[in-house]
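Letter by letter, the chains look like this.
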Amino acid sequence: MSDGHRRAQTAIQTILRLTNLLMAGKRVAVIGDEPELAARLRAMGAQTLLADPAAALRGHRVLAEDEAVALADLVVGATEAHLPFLRDGAILIPAAPPAGPSGTGEPHGTDGEPPAGPSGTGGGPSGTGGVFAGLPGVRVRDGITGYRLGPGREVFVLDMSC
C-alpha cells in the first residue's frame, strides 16, 4: 500500500470516527495534492471540489481554491489564507504540519512526544499547523474544537492526531 493510499484511508477513518458524517451529498474541498483522498471521498458519494484542472478528467468539480472553500461543508488541507472564505458550520482538516525529526510528518515536542491535544482554552488543537493560533477555541468534544470567526460564523477543526 502506497503512502498516499495509507494517508487517505487514515484521514477518512479519522473523519468518520470524529464526526459520524455521511459523506454522500457533502461538498468537500480538497486543497493540495491528495488525489487518493479525493477519489475515495468521491467514491463515498461526496461532491469533491478541487483546484487542479486535471481533476475534471477524474470526475471532480474544478473551481478556484477560494470558491471551493466557500462552498464546502468539509475542507481538507485548510490554511490561514482560507479563513475569510469559510462558510458557517464548515468542518476543517488543517494542512499537514511540517515533518518532525523522524521525517514521518508527525509533529514532535522537545521530548520526542507528540504535542498535547486541544485544551479548549485557546490556541489551536495539535496538528492545525498554526491556522488558529491566537483564536480562542471551545472544545466541542474529543478531537473537535469550535472557533468563532465573527458574528454568525463558526467553524469546527478536527484534530487528526486523535
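Computed from a prediction, not measured in an experiment: that's the story for all the values here.

Quick question: what am I supposed to make of the overall build of the chain here?
Scanning the chain from N- to C-terminus turns up three helices and eight strands. When the 162 residues of the chain are sorted by exposure, 35% land in the buried category. Across the chain, contacts joining residues at least 24 apart in sequence account for 41% of those joining residues at least 6 apart.

What's the story with the pairing of strand 1 (residues 27–30) in this structure? I'm lost.
Sheet analysis places strand 1 next to strand 2 (residues 47–50), joined by three bridges and oriented parallel. What sits directly across from R27, in strand 2, is Q47. Viewed along the sheet, the connection from strand 1 through helix 2 (residues 35–43) into strand 2 turns out right-handed. The sheet contact formed by strand 1 and strand 4 (residues 74–78) spans three bridges and is parallel. Its bridge partner lying in strand 4, A29 is registered against V75.

Quick question: what am I supposed to make of the side chain of H60 here?
Relative to the assigned elements, H60 resides in the loop between strand 2 and strand 3 (61–62). Judged by its relative accessible area of 7%, H60 falls in the buried class. Separated by 2.4 Å, the side chains of H60 and T48 make a polar contact. Setting aside its immediate chain neighbours within four residues, H60 contacts A38, A39, R42, T48, L50 and A55.

I keep staring at helix 1 (residues 3–19) and nothing clicks. Help me out?
Residues spaced three or four apart along an α-helix point in a common direction, a consequence of the helix completing one turn every 3.6 residues. Relative to the 24 Å expected for 17 residues at 1.5 Å per residue, helix 1 spans 24 Å between its end C-alpha atoms, a close match to the ideal helical length. Listed as buried for helix 1 are G4, A8, A11, I12, T14, I15, L18 and T19. Along helix 1, the residues classed as buried sweep out an arc of 165° about the axis, all on the same side. Residues of helix 1 that are buried make contact with helix 2, strand 4, strand 5 (91–94), strand 6 (137–141), strand 7 (144–150) and strand 8 (153–158).

Please explain unusual backbone geometry as it appears in this structure.
Working note: non-glycine residues mostly have negative phi, and peptide bonds are mostly trans. Its identity is not glycine, yet N20 carries a phi of approximately 55°, on the positive side. Under the relative-accessibility criterion, N20 is labelled exposed at 61%.

Would you mind showing me how to read the nonpolar core here?
Buried together is how nonpolar side chains tend to be arranged in soluble globular proteins. Counting 20 residues, the largest nonpolar core has M23, V28, L37, L41, L74 and L158 as its most contacted members. Breaking this core down by element, the ones donating at least two residues are helix 1, strand 1, helix 2, strand 4 and strand 5. Looking at this core element by element, the count peaks at five residues for helix 1. L37 has contacts with A8, A11, I12 and V76, leaving out every residue within four places of it along the chain. Residues A72, A78, L83 and Y147 belong to the second largest nonpolar core, which totals 17 residues.

Basis of the calculations
- Residues numbered from 1 in each chain as written.
- Predicted model: local features only at pLDDT ≥ 70, side-chain atom pairs only at ≥ 80, totals over all residues.
- Heavy atoms only, no water.
- Helix = DSSP H or I, 4+ residues; strand = E, 2+ residues; numbered from the N terminus.
- Buried < 20%, exposed > 50% of the residue type's maximum accessible area, 1.4 Å probe, protein only.
- Contact = heavy atoms within 4.5 Å.
- Pairing = 2+ DSSP bridges.
- Right-handed = clockwise from strand over helix to strand, strands pointing away.
- Polar contact = N/O pair within 3.5 Å; in protein donor to acceptor, adjacent residues only side chain to side chain.
- Expected span 1.5 Å × (residues − 1).
- Arc of directions from axis to C-beta.
- Core = buried A, V, L, I, M, F, W, Y, C linked by side-chain atoms within 4.5 Å.

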